[in-house]
Amino acid sequence: MKSCESLGIFSERQILSESVTTEELLSRIDELNQRDDIDGILVQLPLPSQIDTKKVLLAVDPRKDVDGFHPVNLGNLLSQRPGLVPCTPAGIMEILKRSGIPVEGQRAVVIGRSDIVGKPIAMLLMHKNATVTICHSRTKDLPGVCREADILVAALGKPGMVTADYVKPGAAVIDVGISQLTVRADVERYFPGNAKRMEEFEKKGSTLIGDVDPASVYPVAGAITPVPGGVGPLTIAMLMVNTVRAARLRRMP
Ligand code: NAD
């Protein structure tokens, strides 16, 4: 909402009760689908357990689906047709482009196979002619596979799990994970001698960490996205891009 305001995009937040039913949520989405003054709809995930999330995502008009999670948009991505691309993967491609990191012909390894990060980023990297491997919780010898990567995308949601033995020296590492450290010993372990982090922890009782162990990986990687301040801000920026694109696509189909 802050980004919308700074860009002059109208935004409206609708907060529903936690006990909302799937039907109630679907009818709210239908109203937004019908409203001509609304170009983008974002359903904040995760939804409460009584809600059928797949049904809800399917109900969003694909032309207003600024998260890019509707099967129509995922199909457009797969078959390289114009559409709305999921924001985090789109943001990662923007980071690679603006950092001058070559993609074509490179070995890319993605850890994580979710519909919102792992699968779409693998597809985008492949469309830019990288040779892509997707790893997940059942992958054998994960560090060995990851060490083959020129570009390593960590999107598994396991704080600090990716250490130096996962990283080829000089590789570009994209840390997508966002987790909170709430135990002092963990903060001391992951951020040794980092006075700023300790200060933040003292003040807020927590600090953020990605899937990458920074103290271990920073000396080995050729380039790396920080957490916070790396992939996250780009996700928001791409949400804004998708909103403008959705507005254009609906008026100039
Ligand atoms: P998810 O839980 O849906 O998927 C995680 C994936 O990681 C799964 O496919 C699983 O197979 C794999 N995985 C889990 N444990 C593993 C292990 N030990 N070894 C190998 N693979 C393993 O998560 P998600 O929605 O894709 O999000 C991943 C992380 O990225 C989370 O920390 C989330 O908060 C973060 N995230 C950040 C942004 C951003 O803007 N920076 C956006 C979306 C998600």
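To start, this report covers the structure provided alongside it. (Residues numbered from 1 in each chain as written. Predicted model: local features only at pLDDT ≥ 70, side-chain atom pairs only at ≥ 80, totals over all residues. Heavy atoms only, no water.)

1. Quick word on the side chain of aspartate 175
Line of reasoning, step 1. Relative to the helices and strands, aspartate 175 is located in strand E4 (residues 172–175).
Line of reasoning, step 2. At 8.5 Å, arginine 197 is the nearest oppositely charged side chain to aspartate 175, a buried residue that forms no salt bridge.
Line of reasoning, step 3. For aspartate 175, the side chain forms a polar contact with the main-chain nitrogen of aspartate 211, separated by 2.7 Å.
Line of reasoning, step 4. Residues in contact with aspartate 175, not counting those within four places in the same chain, are Ala154, Gly210, Asp211, Val212, Thr225, Val227 and Val231. (Helix = DSSP H or I, 4+ residues; strand = E, 2+ residues; numbered from the N terminus. Buried < 20%, exposed > 50% of the residue type's maximum accessible area, 1.4 Å probe, protein only. Lys, Arg positive; Asp, Glu negative; His and termini not counted. Salt bridge = Lys/Arg side-chain N within 4 Å of Asp/Glu carboxyl O. Polar contact = N/O pair within 3.5 Å; in protein donor to acceptor, adjacent residues only side chain to side chain. Contact = heavy atoms within 4.5 Å.)

2. Concerning the sheet that holds strand E7 (residues 223–224)
Line of reasoning, step 1. A sheet is described by the order of its strands in space; here 5 strands give the open sequence E2-E1-E3-E4-E7, paired in parallel fashion. Edge positions in the sheet fall to strand E2 (131–135) and E7, since each has one partner strand and no second.
Line of reasoning, step 2. Relative to E7, E4 runs parallel, the two being bridged by 2 bridges. Opposite valine 173, over in E7, you have isoleucine 224 as the bridge partner.
Line of reasoning, step 3. Relative to the sheet, helix H6 (residues 118–127) contacts strand E1 (107–111), E2 and strand E3 (151–154), its axis offset from that of E1 by approximately 170°. (Pairing = 2+ DSSP bridges. Axes fitted to C-alpha atoms, helices over the stretch in contact; angles between N-to-C directions.)

3. Points about the pairing of E1
Line of reasoning, step 1. The buried count for E1 comes to 4 of 5 residues, which makes it a mostly enclosed element.
Line of reasoning, step 2. Judged from the 5 bridges that link them, E1 and E2 form a sheet pairing that is parallel. Residue pairing in the sheet places valine 110 in a bridge with isoleucine 134 of E2.
Line of reasoning, step 3. In terms of handedness, the path from E1 via H6 over to E2 forms a crossover that is right-handed. (Right-handed = clockwise from strand over helix to strand, strands pointing away.)

4. Some thoughts on the site of the ligand
Line of reasoning, step 1. Close contacts around the ligand come from 21 residues, with Arg113, Ser114, Val176, Ile178 and Thr235 the closest.
Line of reasoning, step 2. Within the backbone of arginine 113, one N or O atom sits 2.9 Å away from an oxygen atom of the ligand.
Line of reasoning, step 3. Within the backbone of isoleucine 178, a nitrogen or oxygen atom sits 3.1 Å from an oxygen atom of the ligand.
Line of reasoning, step 4. Within the complex, 71% of the 860 Å² of free accessible area of the ligand lies under protein.
Line of reasoning, step 5. Per-element accounting of the shell around the ligand gives the leading share, 3 residues, to helix H11 (residues 231–251).
Line of reasoning, step 6. Grouping the constituent residues of the shell around the ligand by class yields 10 nonpolar, 9 polar and 2 charged. (Near = heavy atom within 4 Å. Areas by Shrake-Rupley, 256 points an atom, 1.4 Å probe, with all protein chains shown as cover. Nonpolar A, V, L, I, M, F, W, Y, C, P; charged D, E, K, R; others polar.)

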